[in-house]
Amino acid sequence: MTDGFIKVAAAVPNVKVANIGYNVNEMESLMARAEGLGVEILCFPELSITAYTCQDLFQQQLLLEEAENGLLRITELSRNLNLTAIVGVPIKLGSVLLNCAAVVQGGKIHGIVPKTYLPNYNEFYEMRWFASSSVVSEGCTLKFCGQSIPVSSKLIFALDEVNFAIEICEDLWSPIPPSSYLCLGGADIIFNLSASNDIIGKNSYLRSLIQNQSARSLAGYVYTSSGYGESTQDLVYGGKAFIAENGHILAESNRFVYDAQMIISEIDVERLRTERRTNTSFAKAIEMHKSDCANTYVNITATTLSTAEHSLTRTFDPLPFVPQGPELNARCEEILCIQSEGLATRIAHTHAQNVVVGISGGLDSTLALLVCVNAFDRLGLDRKGIVGITMPGFGTTDRTYTNAISLMTSLGITIREINIADAVNIHFRDLGHNPQIHDITYENCQARERTQILMDAANQCNGFVVGTGDLSELALGWATYNGDHMSMYGVNASIPKTLIRHLVHWVALNIADEQSRATLLDIIDTPISPELIPADSEGNITQKTEDLVGPYELHDFFLYYVLRFGFRPAKIYRMALRAFDGHDGGPQYDEGTIRKWISVFFRRFFNQQFKRSCLPDGPKVGSCSLSPRGDWRMPSDAANVEWLKECEGLAN
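Keep in mind the model is a prediction, meaning the values are calculated, not measured.

*Asks:* Outline the overall build of the protein, listing residues and values.
*Replies:* Looking only at helices and strands, one finds 21 helices and 20 strands in the protein. If one aligns the C-alpha atoms of the protein with their principal axes, the spans along those axes are about 100 × 55 × 45 Å. Sequence separation of 24 or more characterises 74% of the internal contacts of the protein that already satisfy a separation of 6 or more. About 27,100 Å² of surface is accessible on the protein, with carbon and sulfur atoms providing 49% of the total.

Structural data, given as structure tokens:
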């Protein structure tokens, strides 16, 4: 395991029914291939050594003994490999025959896991040949090739700090799968050896079943099923394989393929364990089911791959806050509803006659205004109760000013314009500040003047101020303390910057009238800026936020993995290298750029906590929030030394 990732694979070998020599050759070939690709655990289908469809041949002594010889061959091969293989094999245990998974590594069989639930309905007749794991007594061992091997359905294997366990085919389909108890007992990953035939609709149902079980158990789930070569006398086996992590499919096989297949991905064990520690219900379930989780741990020793050897094959979404495809539209609509419902409830509760919002012509204030409009429409209130105030200053450009006025006009709200230049110049005079010095005093005086205007205007009209600041700005502290940082209700407080653009775009295409749509689309194309520094000679924005604090794409990526999973800088950096390598035409940043901005992120994230400790109310929308009353409680004087030290080490 490297950075919490373990590379796993699900193999679908070609088989010939009862031809053990052929089957073992195929499996050995896949094992060698997997070893070369850095796979740490490889799983084969149910009864893969013999093929699943042997039927009454399972009662033949020759087949069973040759199956054991085949297992011995695979065990001998494993002496020269670092790989751990999970092999499906029939095992004789005293007077019963068991449908088993054998865990093989380093020339040793570390454990044998029998199947618990044997299907004996419709097309399945497994009870004709096999016995359930329930017949195996506690502490049972099998003598095989000079080894004493534990046999139990409750084995958990510990490999390189990763715990994995096994269930077989029908076990997953039972009302309470064994994997539920195995995960409560400490298993991070479940491997399922299966021989599931294909009928109409079954694959999509199975896929959903795997996703749900991995999500419910907060686990990785690796599933592989029989494919080409199984008997087609009455059934067809399409070679299904899936690798899932907490409800998400990481890799999936192609069905009905004649060639052997192997799917590979990395399961993030650290992420799963973080989810479990955070989910108090998981701990409660462990407490309530102690007696069902009396598992036996088996230690497996293997060489840990270096980071260079452990290359990541799975991709990471560079925009983790932004869903892809058709889901984006549904998500945008839902988010707008949550924001609007929160604001509408606050308006009704306070009996406010009006709300006041500062309109700059930028993305954040635009989204806040759209939320206000939606909330007023829901309540059946006149939009004139929304007081939009534009406050031109030293850095305001014609483009943003025009967009602000145009949008307020088309939406039919009350428009007020209050130029802040004179008031700020008087303030400069009182402070003795030279207005030609464009420092933090120059900028913050403007931000605080605007906030004072909004607060006092709200008093004038018996209303309250709706905040416009977003989650990304809160993370970086990119707000003036007690300036744009403050409001009575912050509707964007848990919306990251990368998502705001999509929300505004969705409103433009799906809700807005023609005039508003044109304005909204131009706002989306406008560079993000606080507009506190004067424009250039041609009236263009000179102060671009992302030039100063870094690309929001990167910062939102860092923020997601810090808040959601508590990952350390080195791991996030490694994931960012993969996420921003330009795959599938996505955003691309080089190593130096990512190193630079991840250091900036952690420095600002720690140093600016004091601004988050006194946030106004605002609705939680997604899985991440920085509200001190919700998801994030952090002392303002916490030291960032360890995080920055690791960031500095990324260059080495």
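Now, onward.
*Asks:* I'd like to hear about empty space enclosed by the protein, residue by residue, with values.
*Replies:* Applying the stated rule across the entire model yields three cavities of 30 Å³ or more. By volume, the largest cavity amounts to about 160 Å³. Around the largest cavity, the lining comprises 15 residues; the ones closest to its centre are G469, L474, D484, H485 and L615. Residues belonging to the lining of the largest cavity are distributed by class as follows: six nonpolar, six polar and three charged.

*Asks:* An account of the pairing of strand β13 (residues 248-252) is requested, with residue identities and associated values reported.
*Replies:* Both strand β12 (residues 241-245) and β13 contribute to a ladder of four bridges, which runs antiparallel. Its bridge partner being in β13, I243 is matched across the sheet by A251. What sits between the antiparallel neighbours β12 and β13 is a turn of two residues, in which N246 has the positive phi angle 45 degrees.

*Asks:* How would you summarise the pairing of strand β8 (residues 155-159) if you had to cite specific residues and measurements?
*Replies:* Within β8, five of the five residues are buried, leaving the element largely enclosed by the surrounding structure. By the alternation rule, side chains of β8 split into L155, F157 and L159 and I156 and A158, which are all buried. Here β8 pairs with strand β15 (residues 296-300) via five bridges, running parallel. What sits directly across from L159, in β15, is I300. The sheet contact formed by β8 and strand β9 (residues 162-168) spans three bridges and is antiparallel. In the sheet register, F157 faces β9, and the bridge partner there is F164. Hairpin connection, β8 to β9: the antiparallel pair is bridged by two residues, and D160 has positive phi, about 50 degrees.

*Asks:* Please provide a residue-by-residue account of the packing of helix α8 (residues 327-350) against helix α9 (residues 363-379), values included.
*Replies:* Axis separation between α8 and α9 bottoms out at 8 Å; the angle between their running directions is 65 degrees. Viewed along their axes, α8 and α9 form a crossing whose handedness is right-handed. Between α8 and α9, the contacting residues are L336, C337, Q339, S340, E341, L343, A344 and I347 on the first element and L367, V371, C372, N374, A375, F376, R378 and L379 on the second. Taken together, the residues of the contact of α8 with α9 sort by class into eleven nonpolar, three polar and two charged.

*Asks:* Describe in detail unusual backbone geometry, supporting the description with residues and values.
*Replies:* Keep in mind that most residues, glycine aside, have a negative phi and that most peptide bonds are trans. Phi is positive for L47, close to 50 degrees, though the residue is something other than glycine. Following the sequence through the fold, L47 ends up in the loop between β2 (41-43) and α2 (61-78). The phi dihedral of D160 falls on the positive side, at around 50 degrees, and the residue is not glycine. Turning to its location among the elements, D160 is positioned in the loop between β8 and β9.

*Asks:* With reference to specific residues and values, describe the side chain of S487.
*Replies:* Relative to the helices and strands, S487 is located in the loop between α13 (471-476) and β20 (489-490). Of note is the side chain of S487, whose polar atom sits 3.4 Å from the backbone nitrogen of G467. Here Y489 takes part through its backbone nitrogen, which lies 3.5 Å from a polar atom of the side chain of S487. Once residues within four sequence positions are removed from consideration, S487 is found in contact with M455, V465, V466, G467 and P616.

*Asks:* Go over the environment of C169 with me, naming the residues and quoting the values.
*Replies:* By secondary structure assignment, the location of C169 is in the loop between β9 and α3 (170-173). Using a relative accessible area of 8% as the deciding quantity, one classes C169 as buried. As a C-alpha pair, C169 and P13 span 156 residues in sequence and 17 Å in three-dimensional space. In this structure C169 touches E46, K115, N192, L193, S194, A195 and S196, once residues within four positions along its chain are discounted.

*Asks:* Could you give an account of the environment of I413, naming the residues involved and the relevant values?
*Replies:* Locating I413 in the fold gives a position in the loop between α10 (398-411) and β18 (414-417). For the pair I413 and I386, spaced 27 residues apart in sequence, the C-alpha separation works out to 5.5 Å. Apart from residues no more than four positions distant in its own chain, I413 is found in contact with L369, V373, R383, K384, I386, G388 and M408.

*Asks:* Requested: an account of the pattern of salt bridges, with residues and values cited.
*Replies:* Here the structure, examined in full by the defined rule, presents 32 salt bridges. The shortest N-O distance in the salt bridge between E245 and R314 comes to 2.8 Å. On the criterion of sequence distance, the pair formed by E245 in strand β12 and R314 in the loop between β15 and α8 is long-range, its members being 69 residues apart. Take R314: its relative accessible area is 9%, and that puts it in the buried class. The partner of E327 in a salt bridge is R331, and the shortest N-O contact between them spans 2.5 Å. Taken together, the positions of E327 and R331, both in helix α8 and four residues apart, correspond to about one turn of that helix. One connected set of salt bridges, linked through shared partners, spans D364, D470, E473 and K497.

*Asks:* Run through the packing of helix α1 (residues 20-36) against α2, naming residues and quoting values.
*Replies:* Any two packed helices are characterised by how steeply their axes cross, that is the angle between the axes, and by the distance between the axes. Packing of α1 against α2 brings their axes to within 10 Å, and their N-to-C directions diverge by 20 degrees. Considered as vectors, α1 and α2 are oriented roughly parallel to each other. Between α1 and α2 lies a crossing whose hand is right-handed. Packed against α1, whose contacting residues are I20, G21, V24, N25, M27, E28 and M31, the element α2 presents L63, E66, A67, G70, R73, I74 and L77 at the interface. The residue makeup of the contact of α1 with α2, split by class, is eight nonpolar, three polar and three charged.

*Asks:* Just give me the short version of the side chain of N192, but keep the residues and values in it.
*Replies:* With respect to the helices, strands and loops of the structure, N192 is situated in strand β10 (residues 189-194). In terms of polar contacts, N192 uses its side chain to reach the backbone amide nitrogen of C169, at 2.9 Å.

*Asks:* Tell me about the packing of aromatic side chains, residues and numbers included.
*Replies:* Summed over the entire model, instances satisfying the criterion amount to 29 aromatic pairs. Plain terms: the ring middles of Y560 and F565 are 5.9 Å apart, the flat faces sit at 75 degrees to each other, and that makes the pair edge-to-face. For Y560, a relative accessible area of 11% gives the class buried. Classification of F565 as buried rests on a relative accessible area of 3%. Seen in terms of ring centroids, Y561 and F567 are 5.9 Å apart; in terms of plane orientation they differ by 5 degrees. Their pairing is stacked. Take Y561 and F567: they sit in the same class, and that class is buried. Here the aromatic cluster, defined as three or more aromatic residues joined through ring pairs, consists of F321, F557, Y560, Y561, F565, F567, F580 and Y589.

How each quantity is defined
- Residues numbered from 1 in each chain as written.
- Predicted model: local features only at pLDDT ≥ 70, side-chain atom pairs only at ≥ 80, totals over all residues.
- Heavy atoms only, no water.
- Helix = DSSP H or I, 4+ residues; strand = E, 2+ residues; numbered from the N terminus.
- Contact = heavy atoms within 4.5 Å.
- Areas by Shrake-Rupley, 256 points an atom, 1.4 Å probe, with all protein chains shown as cover.
- 1 Å grid on protein atoms, 1.4 Å probe; cavity = no way out; pocket = protein on both sides within 12 Å on 5 of 7 lines; lining within 4 Å.
- Points joined across faces, edges and corners; volume = space filled by probe spheres on them.
- Nonpolar A, V, L, I, M, F, W, Y, C, P; charged D, E, K, R; others polar.
- Pairing = 2+ DSSP bridges.
- Buried < 20%, exposed > 50% of the residue type's maximum accessible area, 1.4 Å probe, protein only.
- Axes fitted to C-alpha atoms, helices over the stretch in contact; angles between N-to-C directions.
- Left-handed = near helix turned anticlockwise from the far one by under 90°.
- Polar contact = N/O pair within 3.5 Å; in protein donor to acceptor, adjacent residues only side chain to side chain.
- Salt bridge = Lys/Arg side-chain N within 4 Å of Asp/Glu carboxyl O.
- Parallel < 35°, antiparallel > 145°, perpendicular 65-115°, else oblique.
- Phe/Tyr/Trp six-rings, centres within 6.5 Å; stacked < 30°, edge-to-face > 60°.

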